[in-house]
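The primary structure of each chain is shown beneath.
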2 protein chains.
Amino acid sequence: MSGVTTHIVDDDPAVRDALQWLLQSRGVLSQTWKSANEFLTFASRDLCGCLLLDVRMPGMSGIELFDRLRALDCRLPVIFLTGHGDVPMAVQALKDGAFDFVEKPYDANALVDKVLAAIECDGIRSARDGSILLLRQKLGQLTQREQEVMQRILAGKLNKVIADELGIAMRTVEVHRSHIFEKMHVRSAVELSQVLGLLGDKPES
Amino acid sequence: MSGVTTHIVDDDPAVRDALQWLLQSRGVLSQTWKSANEFLTFASRDLCGCLLLDVRMPGMSGIELFDRLRALDCRLPVIFLTGHGDVPMAVQALKDGAFDFVEKPYDANALVDKVLAAIECDGIRSARDGSILLLRQKLGQLTQREQEVMQRILAGKLNKVIADELGIAMRTVEVHRSHIFEKMHVRSAVELSQVLGLLGDKPES
DNA sequence: CCGGTGCCTGCGGAAATCCACAATAGTCAC
DNA sequence: GTGACTATTGTGGATTTCCGCAGGCACCGG
């Protein structure tokens, strides 16, 4: 597990250093990358913190890196930095889920504030993602049959009906039911439906 | 109930007419307003469609109108139109929840597409808002006591425990329970918790 | 005063849930 | 083959839920 780190991707060494120094002066750990590709080889789903991304770079652009990260299911909040941005580009980036879009030259204090906000936002997200992951893990422990039964329990069906639908004895349904509760760490169908409520919701922020 | 309408707010008559004509040519009904104030007197929570908003206007600016509408709980998706926009302004608007931010001169086809997207988005939102409203209405029909009981049912407590906590007989709890199910139009505690799941979720889109 | 509503309670029974104990059978890996 | 896991079923009983029937008490508006 890599800690909370701000990843800086920029082809200009001076910019990288300035940003790293700025963040360090405010107590924010950071790591720098010379190109989109370099970061991409390192990127994974479970990074924590945020990403400061230059738009215009030789090779892969920041925008393209952004898209690729999304494809890799990397949900790190992204703050774009650019000296040659225009409104449509900023709008598109934000609509695609970027956290912010800042023009160079940037205001140091404001930028740090944005980074801090992004980090906090990511903390919330990753906490929620964690509990969802745990939930999926528990769900994965369920047998095929148990999942079939669970689905019908959540539909509010009586054990008798479920047994009928699956062509098995009511007693068997009861056994599955108790196994489900045990594996999902809940003690009633109500709790179960509440816990599973998290899954259906869209992961917006 | 006013139907799905695109509201155009711009101080320039030529722009208003051009936009209205453009939208009409693509089958989108619209209504025009000469100023932010004029629209504000008309605005209400239950408008349907979208809002095309000029940023720079004499008197109240589009941004300010936007803020006021949010304060009035008017959730109409807003597309900003401006000839003098900059990146920070666009970023701020989008982060505040604007649907889009378009520079003049605009591309006619692209703009109409954005309007259509906004209208569709609003349709989804208003449908969800409608069901939430209905839900709150049903909740409002519940007696004080019934709400207390419901809360404990959702906590997964047994009737016996609930009776104990409220200092009443178990039979009474049962009566409340059945009244709750009846008023909420559900037939089990599981359904109840699922229906109420909609309320807890943030209304993002 | 009377009717309506909300809140509370008891009785008794049908139906459903929960659970311990006990057992059969198929699959799969070691 | 043996052991682990899964699916299945049964018996029997304790507990809980659900519901109709019946009644009491308080408050409030006509």
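Before any of the text, the structure's been laid out above.
Residues numbered from 1 in each chain as written. Chains lettered and ligands numbered in written order. Predicted model: local features only at pLDDT ≥ 70, side-chain atom pairs only at ≥ 80, totals over all residues. Heavy atoms only, no water.

## Considerations on the packing of aromatic side chains
Each aromatic ring pair is summarised here by two numbers: the centre-to-centre distance and the angle between the ring planes. Applying the stated criterion to the full structure yields ten aromatic pairs over all chains. Ring geometry for F66 of chain A and F80 of chain A: centres 5.3 Å apart, planes at 75°, overall edge-to-face. On the criterion of sequence distance, the pair formed by F66 of chain A in helix α3 (residues 62-71) and F80 of chain A in strand β4 (residues 78-82) is long-range, its members being 14 residues apart. In this structure F66 of chain A comes out as buried when scored by relative accessible area, which is 2%. Classification of F80 of chain A as buried rests on a relative accessible area of 0%. One cation-aromatic arrangement involves K95 of chain A over F99 of chain B; the distance from NZ or CZ to the ring centre is 4.9 Å. (Phe/Tyr/Trp six-rings, centres within 6.5 Å; stacked < 30°, edge-to-face > 60°. Helix = DSSP H or I, 4+ residues; strand = E, 2+ residues; numbered from the N terminus. Buried < 20%, exposed > 50% of the residue type's maximum accessible area, 1.4 Å probe, protein only. Lys NZ or Arg CZ within 6 Å of the ring centre and 35° of its normal.)

## Description of the protein's contact with DNA strand D
The local shell around DNA strand D holds 16 residues, among which T143, R145 and A169 of chain A together with R171 and R177 of chain B are the closest. The sugar-phosphate backbone supplies 61% of the atoms of DNA strand D found within 4 Å of the protein. One of the side-chain N or O atoms of T143 of chain A is found 3.0 Å from a phosphate oxygen in DNA strand D. Within the contact set of DNA strand D, a phosphate oxygen lies 2.4 Å away from a side-chain nitrogen or oxygen of R177 of chain B. Elements with a minimum of two residues in the surface near DNA strand D: α6 (144-154) and α8 (170-184) of chain A together with α7 (159-166) and α8 (170-184) of chain B. In terms of residue class, the surface near DNA strand D is built from five nonpolar, five polar and six charged. (Near = heavy atom within 4 Å. Polar contact = N/O pair within 3.5 Å; in protein donor to acceptor, adjacent residues only side chain to side chain. Nonpolar A, V, L, I, M, F, W, Y, C, P; charged D, E, K, R; others polar.)

## Remarks on the protein's contact with DNA strand C
Taken together, 15 residues lie near DNA strand C, and R171 and R177 of chain A together with T143, R145 and A169 of chain B sit nearest. The share of sugar and phosphate among atoms of DNA strand C within 4 Å of the protein is 64%. Within the contact set of DNA strand C, a phosphate oxygen lies 2.4 Å away from a backbone nitrogen or oxygen of A169 of chain B. Elements represented by at least two residues in the surface near DNA strand C include exactly α7 (159-166) and α8 of chain A together with α6 (144-154) and α8 of chain B. Sorting elements by how many residues they give to the surface near DNA strand C places α8 of chain A first, with four residues. When its residues are assigned to classes, the surface near DNA strand C shows four nonpolar, five polar and six charged.

## A look at the packing of α6 of chain A against α7 of chain A
All names here are of chain A. Their axes nearest at 10 Å, the elements α6 and α7 cross at an angle of 135°. On the basis of the axis angle, α6 is oblique to α7. Once α6 is placed against α7, the crossing between them reads as right-handed. Contacts between α6 and α7 involve R145, E148, V149, R152 and I153 from the first element and I162, E165 and L166 from the second. Of the residues belonging to the contact of α6 with α7, the class tally is four nonpolar, no polar and four charged. (Axes fitted to C-alpha atoms, helices over the stretch in contact; angles between N-to-C directions. Parallel < 35°, antiparallel > 145°, perpendicular 65-115°, else oblique. Left-handed = near helix turned anticlockwise from the far one by under 90°. Contact = heavy atoms within 4.5 Å.)

## Here's the deal with the sheet that holds strand β1 (residues 4-9) of chain A
Residue and element names in this part refer to chain A. On the basis of which strands lie adjacent, the open sheet formed by five strands has the order β2-β1-β3-β4-β5 and parallel pairing. Either end of the sheet is taken by a strand with one partner, and the two such strands are β2 (30-33) and β5 (100-103). Between one strand axis and the next, the sheet turns by 20° as a mean value, whatever way the strands run. As judged from the four bridges shared by β1 and β2, these two strands associate in the parallel manner. Note that in β2 the partner of H7 across the bridge is Q31. The strands touched by helix α1 (residues 13-25) within the sheet are β1, β2, β3 (48-54) and β4, with β2 carrying the most contacts at an inclination of about 175°. (Pairing = 2+ DSSP bridges.)

## Concerning unusual backbone geometry
Residues and elements named next belong to chain A. Here the residue pair K104 and P105 is connected by a cis peptide bond, since its omega of 0° sits within 30 degrees of zero. Tracing the chain through its elements places P105 in the loop between β5 and α5 (108-141). Non-glycine residue H185 carries a positive phi angle of around 60°. Along the polypeptide, H185 turns up in the loop between α8 and α9 (189-200).

## Section: the interface of chain B and chain A
Many authors give the size of an interface as the accessible area that is lost as the parts come together. Contacts between the two partners involve 23 residues from chain B, matched on the other side by 23 residues from chain A. Where chain B abuts chain A, roughly 1,800 Å² becomes buried across the two surfaces, and 61% of that area is made up of carbon and sulfur atoms. On the chain B side of the interface with chain A, the three residues burying the most area are V87, K95 and V190 of chain B, jointly 28% of the side's total. The tally of links from chain B across to chain A stands at two salt bridges. For D100 of chain B, the salt bridge is made with K95 of chain A, and the minimal N-O distance between the two is 2.6 Å. One can count five residue pairs in polar contact (both at pLDDT 80 or more) joining chain B with chain A. Of the residues forming the side of chain B that touches chain A, the biggest block, six residues, is contributed by helix α4 (residues 87-95) of chain B. (Buried area = accessible area lost by both parts, 1.4 Å probe. Salt bridge = Lys/Arg side-chain N within 4 Å of Asp/Glu carboxyl O.)

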